[in-house]
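# Structure assessment
Chain residues, written in single-letter form:
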2 protein chains.
Amino acid sequence: VPISQFELIDRILVHLGDRVASSIVVPPGDDAAVWRPDQPLVVAHTDTLIEGAHWTRQTMSFADAGWRVVAVNVSDIAAMGARPRYILLTVMVGPDLTEQEVDQVVEGVAASRRVHDVQVIGGGVNASATTALSVTVLGDAAEGPPPPLLRRDGARAGEAIAVSGWVGASSAGRELIRSGRGSPTSDALLRAHRRPVARTQLGMAAAAAGVRSGIDVSDGLVQDLGHIAQRSRVGIEIALDALPLHPAAVSELGLQRASDLALGGGEDYELVLVGSASTLEALATPELAVTIIGWTVEAHPGEVHVFDVDGMRYFPPFVGWDHLQARAAGEVV
Amino acid sequence: VPISQFELIDRILVHLGDRVASSIVVPPGDDAAVWRPDQPLVVAHTDTLIEGAHWTRQTMSFADAGWRVVAVNVSDIAAMGARPRYILLTVMVGPDLTEQEVDQVVEGVAASRRVHDVQVIGGGVNASATTALSVTVLGDAAEGPPPPLLRRDGARAGEAIAVSGWVGASSAGRELIRSGRGSPTSDALLRAHRRPVARTQLGMAAAAAGVRSGIDVSDGLVQDLGHIAQRSRVGIEIALDALPLHPAAVSELGLQRASDLALGGGEDYELVLVGSASTLEALATPELAVTIIGWTVEAHPGEVHVFDVDGMRYFPPFVGWDHLQARAAGEVV
């Protein structure tokens, strides 16, 4: 007799629910989770990682996939400047997923939710032809006016653009894994791909400091910035030589490829913030750099332009990731 | 060039967002949705419907599947006695899903969200090897003490058990579809399977009337009642001849099969409520029957016993649905 759906749910909840916060009114296991938000606004986001599309057995372990599905969801709450609080976890169990691999997923989720300081309040398990992990993350935020949130439509012309950490490190790591290369110096890149950490503290600090626009680097820096440019009706200009490239990405792949991955590789889950240069620079900490990489302009509203060190327009070979088009192009399993 | 992920998301949101409530602070299209709850407690549930496991092209249309993924999620909020407000919708696009079929899904979601009075505030689109629809539903509820919620652990011995509408109608409809049978009298059964309506008003009315325990009939009546028996540490006794069987189910499949489907078929999305008989009976309306089918007892805590008209214990051939075990048994594609 295989494990039952309900046994598996219980097992997942035992591993994940090491404490119950006083704000949880009805804990996991009822028809729905119920909690009392600490702040007047509630924030929600959902994202699904599908084996074969978002990861493969070659690129990472199931524990890494469990880690990532929490991190990539929390990252979107961080990108609002809000505080992540709870997650609902859905495990779609493919026919070839073993119980041990389910345990590895749970182990990765457990480690990630601790680091990201969120609790699992619900979810479920389904049999599926494809293994996939889905999370809904819920958080809260203070009220305004204006609400201290990082919105895609909150940028104005004449502001600076900054990014946290390194950009392109995750996709450089993915490229090294796929090519079977890698060396001691590339460990940090592999880790950036497999174990990203959402920038929750930075997002909340930015919102509290008056920054009003931001996004996380998920599909690709240029494409993600394009959402801000379009929704805020501003132009965006990026200085190619200002991008904070990881030294290992440059040494392993060369400056050109490392730059292109920074512009279009995605999956860094760093935050891009738009605000006054002095405010943005003050957000840097000893642990996390914040680098100014460009500015917003009144010209070319809705468009992101990249300039090289000579001030010439640079056209990156790819600007980001689109799941449906990637499949059509044969890039998705 | 195939449709892009972002075009598809925009198209979905245009179809679904016919108005923006004043409580929505940040509408769909940002990193996360933000809203201001009307009540102090927030309620959340997520459920995924997977083609081949939860439905097939034979059993229903893509519009039906879109309708159902909203209904089955809202049903869990109804089963808490809370008010559903918002949904996040994730469409996992399988390789054989056409744009027209995606439009049918959206059409079904749109019709269902109107009937269920919820708004789409976010979500996304992914390429996947399997078509699946995932919804997270968010609602709110008043505070207590005690909070007016229908909890699985809220039943006490000596209470009556009631169910809304018909039980077994949905699985009778599924059985008729699969066997290729069906007649004019079976239309109501097919509709019960393809277009269930969550009992939101009943759930809220029950909670407001002081009912403290309930669940929706999703996996199977006996199995679902088992969750209440186990979490409330009460015994549950059900009178077989009290079950509200749909007349068409009895005429199409016979009394025995209709009864067994009522006990174990699931997917009715009716509400089971536990409370005083007079309170439960007062919840019936001209549109929706509420039938007392049993009672809670101190004996056999955690167990659900079914008795026939002669007072003899009846052992149903199946008590409910377990996705992982169903696949192991070859019942899931």
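Residues numbered from 1 in each chain as written. Chains lettered and ligands numbered in written order. Predicted model: local features only at pLDDT ≥ 70, side-chain atom pairs only at ≥ 80, totals over all residues. Heavy atoms only, no water.

To continue, consider helix 4 (residues 169-178) of chain B. It helps to recall that an α-helix has 3.6 residues per turn; residues three or four apart then point in one direction. All names here are of chain B. Burial analysis of helix 4 places 8 of its 10 residues in the buried class, which makes it a mostly covered element. Along helix 4, the residues that are buried comprise Ala169, Ser170, Ser171, Ala172, Gly173, Arg174, Leu176 and Ile177. Of the surrounding secondary structure, the elements contacted by the buried residues of helix 4 are helix 5 (187-194), helix 8 (247-253) and helix 9 (255-264). Remark: glycine 180 follows helix 4 within two positions and exhibits a positive phi of approximately 75 degrees. (Buried < 20%, exposed > 50% of the residue type's maximum accessible area, 1.4 Å probe, protein only. Helix = DSSP H or I, 4+ residues; strand = E, 2+ residues; numbered from the N terminus. Contact = heavy atoms within 4.5 Å.)

Taken together, the contacts link 72 residues of chain B with 72 residues of chain A. Carbon and sulfur atoms supply 57% of the area buried between chain B and chain A, which totals about 5,700 Å² over both sides. At 8 residues, strand 3 (residues 41-50) of chain B tops the list of elements feeding residues into the side of chain B that touches chain A. Class assignment of the residues belonging to the side of chain B that touches chain A gives a composition of 39 nonpolar, 20 polar and 13 charged. (Buried area = accessible area lost by both parts, 1.4 Å probe. Nonpolar A, V, L, I, M, F, W, Y, C, P; charged D, E, K, R; others polar.)

A separate point is the relation of the copies chain B and chain A. For the match of chain B to chain A, the screw axis carries a shift of 0.0 Å, the RMSD comes to 0.0 Å, and the turn is 180 degrees. What the superposition gives is, in effect, a two-fold axis relating one chain to the other. Ranked by how close their C-alpha atoms come to the rotation axis, the residues of chain B are headed by B:Thr130, at 3.1 Å. Comparing interface residues between copies, 100% of those in chain B also sit at the interface in chain A, which points to an isologous, same-surface contact. (Least-squares fit on C-alpha atoms with pLDDT ≥ 70 in both.)

Let's shift gears to unusual backbone geometry. The phi angle of most residues is negative, glycine excepted, and most peptide bonds adopt the trans form. Along the chain, A:Gly144 connects to A:Pro145 via a cis peptide bond; the corresponding omega equals 5 degrees. The omega torsion across B:Pro145 and B:Pro146 is -15 degrees, close enough to zero to call that bond cis. Within the element layout of this structure, B:Pro146 appears in the loop between strand 6 (132-141) and strand 7 (160-164). Although it is not a glycine, B:Glu267 sits at a positive phi angle of roughly 65 degrees. Here B:Glu267 lies in the loop between helix 9 and strand 10 (271-275). Phi is positive for B:Tyr269, which is not a glycine, with a value near 55 degrees. Residue position: B:Tyr269 is located in the loop between helix 9 and strand 10. Residue B:Tyr269 is classed as buried on the basis of its relative accessible area of 7%.

Residues and elements named next belong to chain B. Taken together, 7 strands build an open sheet; the order of strands is 8-10-7-11-9-12-13 and the sheet is mixed. Two strands lie at the open edges of the sheet, namely strand 8 (213-216) and strand 13 (313-314), each paired on one side alone. Judged from the 4 bridges that link them, strand 8 and strand 10 form a sheet pairing that is antiparallel. Within strand 10, the position partnered with aspartate 216 by the bridge is leucine 271. (Pairing = 2+ DSSP bridges.)

This part takes up the packing of helix 4 of chain B against helix 5 of chain B. Residues and elements named next belong to chain B. Closest axis-to-axis distance for the helix 4/helix 5 pair is 7 Å, and the angle between their directions is 105 degrees. Classified by the interaxial angle, the pair formed by helix 4 and helix 5 is roughly perpendicular. On helix 5, the residues that touch Ala169, Ser170, Ala172, Gly173, Arg174, Leu176 and Ile177 of helix 4 are Leu189, Leu190, Ala192, His193 and Arg194. Looking at the contact of helix 4 with helix 5 residue by residue, the classes come out as 7 nonpolar, 3 polar and 2 charged. (Axes fitted to C-alpha atoms, helices over the stretch in contact; angles between N-to-C directions. Parallel < 35°, antiparallel > 145°, perpendicular 65-115°, else oblique.)

Below, the discussion takes up the sheet that holds strand 5 (residues 119-127) of chain A. Taken in spatial order, the 6 strands of this open sheet run 5(A)-4(A)-6(A)-3(A)-2(B)-1(B), and their pairing is mixed. The sheet terminates laterally at strand 5 of chain A together with strand 1 (24-26) of chain B, the two strands that pair on one side only. Shown here is a sheet whose adjacent strand axes are inclined to one another by a mean of 20 degrees, direction ignored. Two strands pair when backbone bridges link them, and strand 1 of chain B and strand 2 (residues 33-35) of chain B are joined in this way by 2 bridges, in the antiparallel orientation. Paired with B:Val26 across the two strands is B:Val34, which belongs to strand 2 of chain B. The sheet contacts of helix 2 (residues 62-78) of chain A involve strand 3 (41-50), strand 4 (83-93) and strand 6 (132-141) of chain A, and relative to strand 3 of chain A the element is tilted by about 145 degrees.

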